[in-house]
Every structure is written in C-alpha cells, then in structure tokens.
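# What the coordinates show
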Amino acid sequence: MEGITELILATGAIGTSAFGIVEGLKFLWFIGEGGFGLLFDTLGPIRKTFEVAYGPEYEVLLRALYRGDQKELARVLRQGVRIGLTESNAKEISDFLGSYEADKLADAARQVENGQELPQDLRNILGRFELAADTRIDASLTLANSGYISIIRTAASFISISIAMAIGYLQKEYLRALLVGIAAVPLAPIAKDLASAIQSASKAIRAKI
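Presented here is an overview of the structure given in this document. (Residues numbered from 1 in each chain as written. Predicted model: local features only at pLDDT ≥ 70, side-chain atom pairs only at ≥ 80, totals over all residues. Heavy atoms only, no water.)

### Quick look at the overall build of the protein chain
Cut-off, in case you're wondering: Helix and strand definitions follow DSSP, with helices as H or I runs of at least four residues and strands as E runs of at least two, each counted in order from the N terminus. Here a residue-residue contact requires only that any non-hydrogen atoms of the pair lie within 4.5 Å. For the area figures, the Shrake-Rupley method with a 1.4 Å probe applies, and any residue is considered shielded solely by the protein chains shown.
Counting secondary structure elements, the protein chain contains 10 helices and 0 strands. Look at the contacts in the protein chain between residues 6 or more apart in sequence, and 70% of them connect residues 24 or more apart. Carbon and sulfur atoms make up 61% of the accessible area of the protein chain, which amounts to about 12,100 Å² in all.

Below you can see the structure in the form of structure tokens.
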C-alpha cells in the first residue's frame with residue numbers, strides 16, 4: 001500500500017511540475033498560441049470584418065487576446081463582425097455562412113453604413129446573420145481551444161516523461177519511471193486527492209492490524 005501511495009504522489013508531483021513548466025513556456029508562440037491557426041482558418045471571410053472594425057493590424061490584437069481571457073476574445077470577435085459588416089463583404093460572408101439572403105444582407109449593411117433606419121424585414125435578416133456568425137465564432141473558438149489543449153498536453157507529456165526518465169536513470173528504475181511519466185499528465189488534476197484517500201486507507205488498515 002505504501003508503495004502505491006508513493007507512486008501516486010510521484011505521479012502527481014511530476015504532472016504538476018510538467019504543467020508548471022509548460023505554463024512558463026507560453027511565451028513561445030507554438031505553445032502560447034496553439035490552436036490560433038484553427039480559429040483563423042474556420043472563420044474564413046468573416047475575418048474581413050475584423051480588418052474594417054480594428055484596422056489592418058487586427059491579427060496582432062486577436063493574438064494578444066488569445067493568450068488571455070477567452071471570453072473577452074469572443075466578445076471582441078462578435079463585436080468586430082457587427083461593426084465590420086459592409087456592403088462590399090456582406091455577400092461573400094453570407095455565402096460562407098450558407099445564407100440565401102446575400103443581396104438583402106448587403107442592402108441592410110449599406111443602409112446601416114448610411115445611417116438609415118432599417119425596415120423590419122432587413123432587421124430580421126441582420127439578426128439571423130448575427131446569430132449565424134456568433135455560432136460560427138463559438139464553433140471556431142471551441143475547435144481552437146481543443147487544438148490548444150492538445151498542444152499543451154503533448155508538451156506536458158513530453159516534459160513529464162523526460163523528468164521521470166531522468167529520475168529513473170538516477171535510481172536505475174527505467175520501466176517504473178516510464179510508467180509514472182506517462183501517467184503523470186492525465187492524473188495530475190486528481191493525484192493529490194487520490195493520494196490523500198490512499199494514505200487515509202493505509203492508516204486505517206494499520207490501525208486495525
């Protein structure tokens with residue numbers, strides 16, 4: 001029982017250390033911005049609205065937000081779509097979202113640009129467009145986050161196995177070290193709780209003996 005407890009504690013410690021090291025390496029673009037390319041690719045021509053809303057350097061803004069609060073990034077993306085929709089980009093974006101109301105959407109965008117009050121039918125079209133754009137943004141963020149997590153886990157797995165094998169080399173326990181390193185990343189979030197539970201069980205068993 002004590003041997004199992006030691007293995008779990010070692011797994012949790014290595015996993016936690018690995019994630020801590022990865023957190024410190026987020027200044028590297030391929031880690032800190034992991035999944036950002038997926039976000040850009042899945043947004044397609046919607047990106048043109050960001051250039052209108054935030055200027056030609058909008059990608060720098062989005063990359064900075066991507067490293068921080070995802071809710072703020074989502075807000076900026078949605079706001080950019082609404083502000084940046086114009087008569088010139090409306091048709092392409094409408095086709096990309098699968099709408100058959102491209103001409104009417106372009107007309108709505110033109111009237112908004114001119115400061116005109118929209119009739120009810122064009123307000124409805126604009127509302128449907130915003131809903132479709134928001135759905136696409138949510139899906140893109142989810143896909144990007146999935147890619148980011150995969151990169152983080154891959155990096156953390158590589159680091160945890162490296163740490164475990166280095167310790168195994170010193171103790172001449174290669175197979176056990178490899179198994180601990182592999183298990184470290186997925187077990188890290190629950191390792192402390194699991195170890196505490198086993199320690200309590202061990203104490204209870206020794207008390208009865």
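From this point, things continue past the structure.
### With respect to a nonpolar patch on the surface
To be explicit about the condition: Two distance rules govern patches: like charges are joined within 9 Å, and nonpolar side chains (Val, Leu, Ile, Met, Phe, Trp, Tyr) within 5 Å, applied only to residues with over 30% relative accessible area and no salt bridge. The working definition used for a salt bridge is a side-chain nitrogen of Lys or Arg within 4 Å of a carboxyl oxygen of Asp or Glu.
A surface patch of nonpolar side chains, amounting to about 390 Å² of accessible area, comprises Leu175, Leu178, Leu179 and Ile182. With respect to the helices, strands and loops of the structure, Ile182 is situated in helix α10 (residues 174–208).

### What about helix α3 (residues 36–43)?
Operational definition: Working definition: with a 1.4 Å probe on protein chains only, accessible area under 20% of the residue-type maximum means buried, over 50% means exposed, and in between means partly exposed. What the arc describes is the spread of directions from the helix axis to the C-beta atoms.
Every buried residue belonging to α3 is among Phe36, Leu39, Phe40 and Leu43, and all of these are buried. End-on view of α3: buried residues confined to an arc of 95°, all on one side of the axis. Backbone geometry just after α3 places Gly44 at a positive phi near 55°.

### Topic: the packing of aromatic side chains
For clarity, the threshold we go by: Note on ring pairs: Phe, Tyr and Trp rings are taken, using the six-membered ring of Trp, and paired if centres are within 6.5 Å. Classes follow the plane angle, with under 30 degrees stacked, over 60 edge-to-face and the rest tilted.
Scanning all chains against the criterion turns up 4 aromatic pairs. Summarising the aromatic geometry, the rings of Phe40 and Tyr58 are spaced 6.0 Å apart at their centres and angled 20° between planes, so their arrangement reads as stacked. Note that Phe40 is positioned in helix α3 and Tyr58 in helix α5 (residues 58–66), a separation of 18 residues in sequence. There is no split in this pair, since Phe40 and Tyr58 are both buried. Considering the side-chain rings of Phe50 and Tyr58, the 6.2 Å spacing of their centres and the 50° angle between planes classify their relative orientation as tilted. A residue is classified by how much of its surface remains accessible, and Phe50, at 0% relative accessible area, is buried. Linked through ring pairs, Phe36, Phe40, Phe50, Tyr58 and Tyr66 together constitute an aromatic cluster.

### Overview of the side chain of Glu33
By secondary structure assignment, the location of Glu33 is in the loop between α2 (29–32) and α3. Residue classification places Glu33 among the buried residues on the basis of a relative accessible area of 13%.

### Looking at the environment of Ala106
Along the polypeptide, Ala106 turns up in helix α8 (residues 102–113). The class of Ala106 is buried, set by a relative accessible area of 5%. Sequence-wise, Ala106 and Glu87 are 19 residues apart; in three dimensions their C-alpha atoms are separated by 4.5 Å. Residues within four places of Ala106 in sequence aside, it is in contact with Glu87, Ala90 and Lys91.

### Regarding the packing of α8 against helix α9 (residues 120–171)
To keep things clear, this is the line we draw: Where helices are involved, their axes are fitted lines through C-alpha atoms of the stretch in contact, as for all axes, and angles between N-to-C directions lie from 0 to 180°. By definition in this entry, angles of less than 35 degrees are roughly parallel, angles greater than 145 are roughly antiparallel, angles of 65 to 115 are roughly perpendicular, and the rest are oblique. Each residue gets one label: Ala, Val, Leu, Ile, Met, Phe, Trp, Tyr, Cys and Pro are nonpolar, Asp, Glu, Lys and Arg are charged, and the others, such as Gly, are polar.
Taken N-terminus to C-terminus, the directions of α8 and α9 make an angle of 105°; their axes are 9 Å apart at the nearest point. Taken as axis vectors, α8 and α9 run roughly perpendicular relative to one another. On the side of α8, the interface is formed by Lys104, Leu105, Asp107, Ala108, Gln111 and Val112, while α9 contributes Leu122, Ile125, Leu126 and Phe129. Taken together, the residues of the contact of α8 with α9 break down into 7 nonpolar, 1 polar and 2 charged.

Coordinates in, geometry out; function isn't part of it.
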